[in-house]
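# Coordinate analysis (summary)
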Amino acid sequence: MSQTSQPLDAKVLQQAVDWARDEAIWLCTVLHTWGSSPRSPGSLLVARHDGRHCGSLSGGCVEEHFLKQIAAGRWREASQVVRYGDGELAPEVRLPCGGILEVLVEYLPAGTATVDYLQQQLQAVQGYQSIAKKLTLPHACHSIEPSNYAGNTAISCQYPDIDIRIAAAPCLLLAGYSPVAHYCAEFGYALGFEVLLCEPRAEQLQTLATELPKGTRLVPTFPAKYLEQNGCHVNTAIVALTHDPRLDDLTMMEAVNTPAFYIGAMGSARNSGKRRERLVRIGELSETELARIHAPIGLALGSKTPAEIALAIMADIVRVKNLGQQTSAPVVQGTLDTLESISEDAASCAI
């Protein structure tokens, strides 16, 4: 995976690895935010003494002050916590809407030990293995080991002890391009997902040459082939939104072999029933495998336009990611029946 196609935290850690081979670095992790803050807990920034940096702590509110403090020789302990937004550190620096930001700053010397330490974290955010990272202020990390935690990065602080469980950013894998997929990509990127679009069709690739949604990584291949060859990590949502059985059905057949937390296909209740029959007859999917597929897909919002349908899909994905499958979200049948008569494209998830 090229650095330009990686989610932001992976880019930060890859840059940290490259720099740490030759010089000391500061690795910063957002621990807590209060009020309005553009960056969530777990967000990363790496900086050098000369002011070069990668990543963000606040979306631009505090970075300039922070980098000046590094250049002035501050934060040379192995670990320390700094706080912005309440007047404690820099009264002149304010976050939007009175927000407060608490950041773990690790000072890491150059060398093989630091590179190995950073690479373990890089592999975690890339989805290879979640890890638990523990340290006691003001000392260096004293424990970093595999963890079964599968969701987003989670942080627990009982100062001076800090426990950070690092996992891959959620991934949204879109099986083929469509108007609904376009909005899902935009919403997914805004929600912090790594967005991957698998699209093999020449006419759609021509469109995507000028209309690729921001933050989306395009892979010009069949989504089922991509999943067969590359798989995915457990924090992945796989959705088929084209109404093309060549893409949607084959994607579902391959997706049920992955650990993805969410699998869904667009279509009305009637079309979803037809797909289910094909998946049993051709794909020989079991009832357990079929039960993993959200079809019709999305929350019951009465959606009709591609943007509304995409909103309903992403809302359901976030619901399952944050709350698990046990929270029911029934589809409104009346809306389904109405959408059957609108158009095949707008009759997508029909919620």
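Read on for a plain summary of the structure. All values reported here derive from a predicted model rather than from experimental measurement.

Calculation criteria
Residues numbered from 1 in each chain as written. Predicted model: local features only at pLDDT ≥ 70, side-chain atom pairs only at ≥ 80, totals over all residues. Heavy atoms only, no water. Helix = DSSP H or I, 4+ residues; strand = E, 2+ residues; numbered from the N terminus. Buried < 20%, exposed > 50% of the residue type's maximum accessible area, 1.4 Å probe, protein only. Polar contact = N/O pair within 3.5 Å; in protein donor to acceptor, adjacent residues only side chain to side chain. Phe/Tyr/Trp six-rings, centres within 6.5 Å; stacked < 30°, edge-to-face > 60°.

Looking now at the environment of Glu-287. With respect to the helices and strands, the residue Glu-287 is situated in helix 9 (residues 287-291). Looking at Glu-287, the relative accessible area reads 54%, which means it is exposed. A polar contact is formed between the side chain of Glu-287 and the side chain of Arg-276, at a distance of 2.7 Å.

Next up on the list: the packing of aromatic side chains. In this structure the tally under the stated criterion is three aromatic pairs. With centroids separated by 5.0 Å and ring planes inclined at 45°, the aromatic side chains of Trp-26 and Tyr-107 adopt a geometry described as tilted. Residue Trp-26 is found in strand 1 (residues 25-34), and its partner Tyr-107 is found in strand 5 (residues 100-108); the two are separated by 81 residues along the sequence. By relative accessible area, which is 1% here, Trp-26 ends up buried. Geometrically, the ring pair formed by Tyr-183 and Phe-187 is tilted, given 6.5 Å between the ring centres and 35° between the ring planes. Linking Tyr-183 with Phe-187, this pair stays in helix 4 (residues 179-190), spanning four residues, or about one helical turn. Residue class for Tyr-183 comes out partly exposed when judged on its relative accessible area of 32%. You can call Phe-187 partly exposed: its relative accessible area is 27%.

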